[in-house]
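Read off the chains here:
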Amino acid sequence: MAFYSSFGAAGEVTGSCHLLEVKHLKVLIDCGLFQGKEEYLNEEEFGFDPTEIDYLIVTHSHLDHIGRIPLLVKKGFNKKIISTKATFELAKLMLNNAAVILQEKEKPLYSENDVQKALSLFGTFLDYNQSFELEEGVNISFKNAGHILGSATLKVDYFEDSMNKSVVFSGDIGQKERLITSSIDLWEDSNYVFLESTYGDRIHKNLNISVEAFRENIINVINKGGVVVLPSFALERTQEILYILKKMSDDNLLNNVPVFLDAPLAINVTKLFIKYSSLLNVELKNLIAEGENPFNFKELNISYTKEESLEINKVSGAKIIIAGSGMCEGGRVKYHLLKYLQSSQNLIMFVGFQVQGTLGRKILDGQRLIEIENSEVNVSAQIRSIDGFSAHADQKDLISFIKDLKNIFCIYLIHGDEKKLEIFKDKINKELEDKVHIVKFKERIYI
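Residues numbered from 1 in each chain as written. Predicted model: local features only at pLDDT ≥ 70, side-chain atom pairs only at ≥ 80, totals over all residues. Heavy atoms only, no water.

**Quick word on the overall build of the chain**
Put simply, the rule reads: Secondary structure follows DSSP: runs of H or I at least 4 residues long count as helices, runs of E at least 2 residues long count as strands, and numbering of each begins at the N terminus. A radius of gyration in this sense is built from C-alpha atoms; the matching globule rule multiplies 2.2 Å by the number of residues raised to 0.38. Throughout this description, buried means an accessible area under 20% of the type-specific maximum (1.4 Å probe, protein chains only), exposed means over 50%, and partly exposed covers the range between.
The helix and strand inventory of the chain stands at 13 helices and 22 strands. The C-alpha atoms of the chain give 22 Å as radius of gyration, which agrees with the globular expectation for 447 residues (22 Å, within 12%). Counting only C-alpha atoms, the chain reaches 70 × 45 × 45 Å along its principal axes. Counting only residues that meet the buried cut, the chain has 59% of its 447 residues in that class.

This is the structure:
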């Protein structure tokens, strides 16, 4: 008998962790950090015995999908971790950075030594459309999720109850239209689908409209001598921003205004985008093949060290600062917010999802007095959010992912807020007439 159990991203959008019990195997799909208001869950026990897990399969390298892997290892997991090679290389950067940040907490979840032990378990790399046998009668395969560099959707084929069955785990899937990464590759059939539903309640703005809004906001502020602060996620979003700014530079729209990439993690991640250029879209692959770097331009300044970061504020006049973290929970962006939030001449522009309870969400929701590094700050700067860059599929794209799948028995909705899940469930019922179930935290389901 095969069973699925949820230990994260059920009724919330972080902490992805899914257990599949099939034949004699216990297979874990992702093991991510809880963030925002669910952060306290990181301190709780997993709900299963890590020493009994036979395989961990990683869909992609966002922290809400990999951030508790070192904790899993710390608690006794010591078997193979399966991923794409790009996901592994990104995970090295993301987890080492996470360990450093966690050391600032009173009770860190894990140490840098735990990260190294976890990374040593990677090494079974699976290409897209390649099959791998976990044991006789249980095979897995990946397809491109179109979400971030190296991201994958997972299919597990198994023989159970005298019949062949299959289950697809979407991980996180991307929009059909992307700026830099290649688009999603769809499955043809599956009996069960565990589908992320982060934006199952809405349709994203057109990407071109979002890019134009981004450009207009930048130009309006720098032409008036203001400062633009972009809290940005190191993985994918920073590279998208750099590519847009490069195009603006090529069109002479930046007017030689300095752009500072003040995020060591993002700097290192960007190097991997060049290394794995085969995973990018055709436009960027062609640029790189011609010897051009799509993430570099004449106004760009790299601030790697703390000393270089501090020098940014000595530069007077208009400037653009890209700094992590994307939700303003750590990293160098807090320092820049302290300095630039209090002037109406400046702009804080969010280009990614802000989880409830994070500093970024508080600013975006219009809180006029916030606390940063034990200092109270009055928010006078302009606040904008550009939503169309999301790496997550919207309702239309999610429907496309499942509408042509053959032999579906049930669709299980995960990775979404409860209200959004209900809206999406109703949409699927009406449009596709498929059986849909909203997964509950720690629910165990026979499949």
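Now that the structure has been shown, the text picks up again.
**Details of the pairing of strand β11 (residues 192-196)**
The condition that has to hold: When DSSP finds at least two bridges between two strands, those strands are taken to pair.
Along β11, 5 of the 5 residues are buried, which leaves the element largely enclosed by surrounding structure. Neither face of β11 is left uncovered, since the one carrying Tyr192, Phe194 and Glu196 and the one carrying Val193 and Leu195 both have all their residues buried. As judged from the 3 bridges shared by strand β10 (residues 163-169) and β11, these two strands associate in the parallel manner. By the bridge assignment, Val168 is partnered in β11 with Val193.

**As for the state of the cysteines**
This is how the line gets drawn: Criterion for a disulfide: a pair of cysteine sulfur atoms within 2.5 Å.
By the definition in use, this model includes 0 disulfides. Note on Cys31: no disulfide assigned, nearest cysteine sulfur contributed by Cys17 at a separation of 4.4 Å.

**Focus on the packing of aromatic side chains**
Note the cut-off: Only rings of Phe, Tyr and Trp enter the pairing, Trp through its six-membered ring, and a pair is recorded when the two centres are within 6.5 Å. The plane angle decides the type: under 30 degrees is stacked, over 60 is edge-to-face, the rest tilted.
Summed over all chains, the structure comprises 15 aromatic pairs. Between Tyr4 and Phe169 the ring centres are 6.2 Å apart and the planes differ by 35 degrees, which places this aromatic pair in the tilted class. Of the two residues, Tyr4 is situated in strand β1 (residues 3-6) and Phe169 in strand β10; the sequence distance between them amounts to 165 residues. By relative accessible area, Phe169 is classed as buried at 2%. On the numbers, 6.1 Å between centres and 85 degrees between planes, the contact of Phe273 with Phe295 is edge-to-face. Here the residue Phe273 occupies a position in helix α7 (residues 264-275), and Phe295 occupies one in the loop between α8 (282-289) and β14 (300-302), the gap between them amounting to 22 residues. Residue classification places Phe273 among the buried residues on the basis of a relative accessible area of 0%.

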